[in-house]
Amino acid sequence: ILYSRWTTDAIIPVVSIIDATVNEVRKNGATRVAVLSSEASAKYNVYNDKLSEYGFELEHLTAQQQNVVSQAITEMKVKGMIQPETLFNTNILLSDLKNAAVDGVILGCTELKSLSAPCSKYFATVAESNLAMAKQVLSLMGLPSYIIRT
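Residues numbered from 1 in each chain as written. Predicted model: local features only at pLDDT ≥ 70, side-chain atom pairs only at ≥ 80, totals over all residues. Heavy atoms only, no water.

Quick look at the pattern of salt bridges now. Applying the stated criterion to the full structure yields six salt bridges. When the shortest N-O distance is used, the salt bridge between Lys-50 and Asp-19 registers 3.1 Å. Of this pair, Lys-50 sits in helix H4 (residues 48-53) while Asp-19 sits in helix H2 (residues 17-27), and the two are 31 residues apart along the sequence. For Asp-19, a relative accessible area of 26% translates into the label partly exposed. A salt bridge links Arg-32 to Glu-57, with the shortest nitrogen-to-oxygen separation between them at 3.0 Å. Linking Arg-32 in strand S1 (residues 32-36) with Glu-57 in strand S2 (residues 57-59), this pair joins segments that are 25 residues apart in sequence. Via salt bridges that share partners, Asp-19, Lys-50 and Glu-53 belong to a single interconnected network. (Salt bridge = Lys/Arg side-chain N within 4 Å of Asp/Glu carboxyl O. Helix = DSSP H or I, 4+ residues; strand = E, 2+ residues; numbered from the N terminus. Buried < 20%, exposed > 50% of the residue type's maximum accessible area, 1.4 Å probe, protein only.)

Moving on to helix H6 (residues 84-99). If you check H6, its first and last C-alpha atoms are 23 Å apart, about what 16 residues at 1.5 Å a residue would give, namely 22 Å. Turning to H6, its buried residues number three or more, namely Thr-86, Thr-90, Leu-93, Leu-94 and Leu-97. Buried residues of H6, viewed axially, fall in a sector of 100 degrees; they line one side. Opposite the packed face of H6, turned more than 90 degrees from it, sit the exposed residues Pro-84, Glu-85, Phe-88 and Asn-99. The secondary structure elements touched by the buried residues of H6 are S1, S2, helix H5 (63-79) and helix H7 (116-122). Trailing H6 by a residue or two, Ala-101 shows a phi angle of about 70 degrees, which is positive. (Expected span 1.5 Å × (residues − 1). Arc of directions from axis to C-beta. Contact = heavy atoms within 4.5 Å.)

A few words on the pairing of strand S3 (residues 104-107). Successive residues of a regular strand alternate their side chains across the two faces of the sheet. Both faces of S3 are covered, namely the face carrying Gly-104 and Ile-106 and the face carrying Val-105 and Leu-107. Here S1 pairs with S3 via four bridges, running parallel. Pairing of Ala-34 across the sheet is with Val-105, part of S3. For the crossover that starts at S3, traverses H7 and ends in the parallel strand S4 (residues 125-128), the hand is right-handed. (Pairing = 2+ DSSP bridges. Right-handed = clockwise from strand over helix to strand, strands pointing away.)

Let us look at unusual backbone geometry. Even without being glycine, Asn-45 reaches a positive phi, approximately 50 degrees. Of note, Asn-45 is situated in the loop between helix H3 (39-43) and H4. Since its relative accessible area comes to 30%, Asn-45 is described here as partly exposed. Phi at Ala-101 is positive, roughly 70 degrees, even though this residue is not glycine. In this structure, Ala-101 sits in the loop between H6 and S3.

Structure (structure tokens):
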């Protein structure tokens, strides 16, 4: 949201986590994408505007689906792990997205990294925002992305 302000007159390259994450989706060939993110990011279409710019079809989460994502984020912040019931509900959400012809998912919140493996069971394209940004930074530095430990 503040990226344009931060990059104005910056003396070093400033990587956009949004651009880096959407570029990961673009590389992997998805066409219909859902974004799992905080309520605030969803409300302000933080990822959706950039996805639309590149011609992706968007699958918007229902209020109930967003509640599942928000619960997962809260549990990671408070307990350091997503609880079994929430993980069960997340798998239902992922199955529903798959049934809606979604072929790519963005994990657009730091706390959602632990959903990478469950998402990979449903989708060939899973873009985790922090990993995407790290890859972009390494690329700018001329370093290979394989040095990242995941």
